[in-house]
Amino acid sequence: MIEINSTRPIDGQKPGTSGLRKKTRVFQEPGYLENFVQSIWNGIGGVEDKVLVLGGDGRFFNTQAVQIILRMAAASGAAKVIVGQDGLLSTPAASHLIRARGADGGVILSASHNPGGPEGDFGVKFNTANGGPAPESVTEAIYRASCEVTEYRTLGTPDIDLSTPGRGRLLATEIEIVDPVADYAALMERLFDFDAIRALFASGFTLRFDAMHAITGPYAHEILERRLGAPAGSVDNATPLPDFGGGHPDPNPVWAHELMTLMMGADAPDFGAASDGDGDRNMIVGRGAYVTPSDSLAVIAANAHLVPGYAGGLKGVARSMPSSAALDRVAEALGITCYATPTGWKFFGNLLDAGLATLCGEESAGTGSDHVREKDGLWAVLMWLNILAARRQSVAEVMAEHWARYGRNYYSRHDYEEVDAAAAGALIEELRARLDRLAGVKLGGLSVRAAQDFSYSDPVDGSVTTKQGLEIHFAEDARLVLRLSGTGTAGATLRVYLERFAPGPEGLDEDPQTALAEVIAATEDLCQIKTRLGRAAPDVVT
Ligand code: G1P
Ligand code: ZN
């Protein structure tokens, strides 16, 4: 029954910021997925007698990929695969299942917020037994295995029916099909004060959650509407579609513009939120009040004591280096450590496992806690709802009070997408070479205080990760960070992160792009992005 197919290494099967992402068409090439999955098995020392979790965000090719992986797990002797019904699992739900079932790891099929469909993107990510994305040591081992793979094992069996929860077998491997929502929803009930949130909705509080035709639809429907009593229809675009309805399932003001328009209009509900393709990102917006992810993380940290699951206090907090320092100010007030890690959720795992941090987040709309080892979109929404239920204030009021107390870190990210990779690489390299000489230099109205090439030394395992972004601090309490994306599938994407602190009490209500004008000008002065990349303006401004 077991088929052993000979193969050859395929170039470029190197996991990036979050697993291996390629055009769907690339993943559909004969043997491409098989090579990578066999390389995962080889890179982690085989899957014999191991228990794995498997599921994806439902994008085009998810259905076929799940069947291929089930056959390959069985052919390599896995003891058991726990798979989401219809092959579906949100990323945080997969992380939770790995932990709750004591599995040895899991395979998540997703390209996160990247568009799906035959012309879109697909991705495969391996998570380890702690439920989190494999650390660099493991992704490196997988990559090395992909450079050496000579054969892959599979079965000649037909597809398994995954449409109903239950148990079956594939060769000697047990296949358990689970409801993708149930365990996750139960976890949320344990963390949050569902009674208080139900009472909030019963008092007339209104919500619009945009699932962006992606995986969180069924989760949001069950939790927000069915269990918490949000009015029917509060969850929009709730049916997951293989191409996300042709949209770009990234919850930011650009891609979730319909929700933004609603929230800024006269008929806005009290609270708006959205999640991405695989359910790990979030966007939070109040009536007339967009909350940046960095601010959201800071507000969540400052108010976590109001939420039952966090009433005991926070052990520490962590943010990705490019995220704003709004969190640092809250941590200082709470007397806890705030860690700054490289971009990518995998760097939070050790801090959470070691009990050094309880909450963590990234400016790219990822927020989470030690309840799982992934960022978690719906969790962030429930955090906010629980906080609003406890404080009985609007989002705008919560933000105003927060800034009045801590000051405001004006923040924005400018992305130049799919630019010429060589030009973007050269821009970064040349700037890197100049960093040492930047201190004291005047750029527009600002003067450079310090500049560094960010490298991270993990406080738990001592591993060092270098070249994680160029960070330029200005004497005027402002900062600029530049780095290249590690998740793109075409050309290069340059990310420019801009930040400026306003201590208040005056000047807390400016438009961020205005408040950041000098930092934006200094950036252009420093590296002439627009001319060098041939772009008149950034493609995405968050
Ligand atoms: C982007 C975000 C990063 C996030 C990752 C996966 O990575 O910047 O914060 O962890 O997606 O969702 P990048 O494309 O910048 O490498
Ligand atoms: Zn995602």
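Residues numbered from 1 in each chain as written. Chains lettered and ligands numbered in written order. Predicted model: local features only at pLDDT ≥ 70, side-chain atom pairs only at ≥ 80, totals over all residues. Heavy atoms only, no water.

A. View of the coordination of the zinc ion (ligand 2). Looking at the zinc ion (ligand 2), the protein donor atoms are Ser112 (OG), Asp276 (OD), Asp278 (OD) and Asp280 (OD), and they sit 1.9 to 2.1 Å from it. What the four donor atoms of the zinc ion (ligand 2) show is an angle range of 86 to 158° at the metal, which sorts the shape as irregular. If you list the donors of the zinc ion (ligand 2) from N- to C-terminus, the spacing comes out as S-x163-D-x1-D-x1-D. Remark: aspartate 278 occurs in the loop between strand S12 (271-275) and strand S13 (282-286) and serine 112 occurs in the loop between strand S5 (105-109) and strand S6 (121-128); sequence separation between them is 166 residues. Across the pair, exposure class does not vary: serine 112 and aspartate 278 are buried alike. (Donors = N, O, S within 2.8 Å, 3.2 Å for Na, K, Ca; no water. Tetrahedral: all angles 85-135°; square planar, octahedral: opposite > 155°, others 65-115°. Helix = DSSP H or I, 4+ residues; strand = E, 2+ residues; numbered from the N terminus. Buried < 20%, exposed > 50% of the residue type's maximum accessible area, 1.4 Å probe, protein only.)

B. How the structure looks around the pattern of salt bridges. Tallied over the full model, the rule gives 34 salt bridges. With its nearest N and O atoms 2.7 Å apart, the salt bridge here joins aspartate 453 to arginine 432. With a gap of 21 residues between them, aspartate 453 in strand S21 (residues 446-453) and arginine 432 in helix H15 (residues 421-434) connect regions that are remote in the sequence. On the basis of relative accessibility, which here comes to 25%, the residue aspartate 453 falls in the partly exposed class. Using a relative accessible area of 18% as the deciding quantity, one classes arginine 432 as buried. When salt bridges with common partners are traced through the structure, they connect Lys80, Arg101, Arg167, Glu174 and Glu176 into a single cluster. (Salt bridge = Lys/Arg side-chain N within 4 Å of Asp/Glu carboxyl O.)

C. Examining the nonpolar core more closely. One finds Met188, Phe192, Leu224, Phe271, Trp379, Trp384 and Phe474 to be the most contacted residues of the largest nonpolar core, which totals 105 residues. In this structure, tryptophan 379 is in contact with Tyr184, Met188, Leu191, Phe192, Ile300, Tyr310, Leu359, Thr367, Gly368, Ser369 and His371, ignoring residues within four places of it in sequence. Ranked by size, the runner-up nonpolar core spans 39 residues in total, among them Val47, Ala74, Val81 and Leu155. (Core = buried A, V, L, I, M, F, W, Y, C linked by side-chain atoms within 4.5 Å. Contact = heavy atoms within 4.5 Å.)

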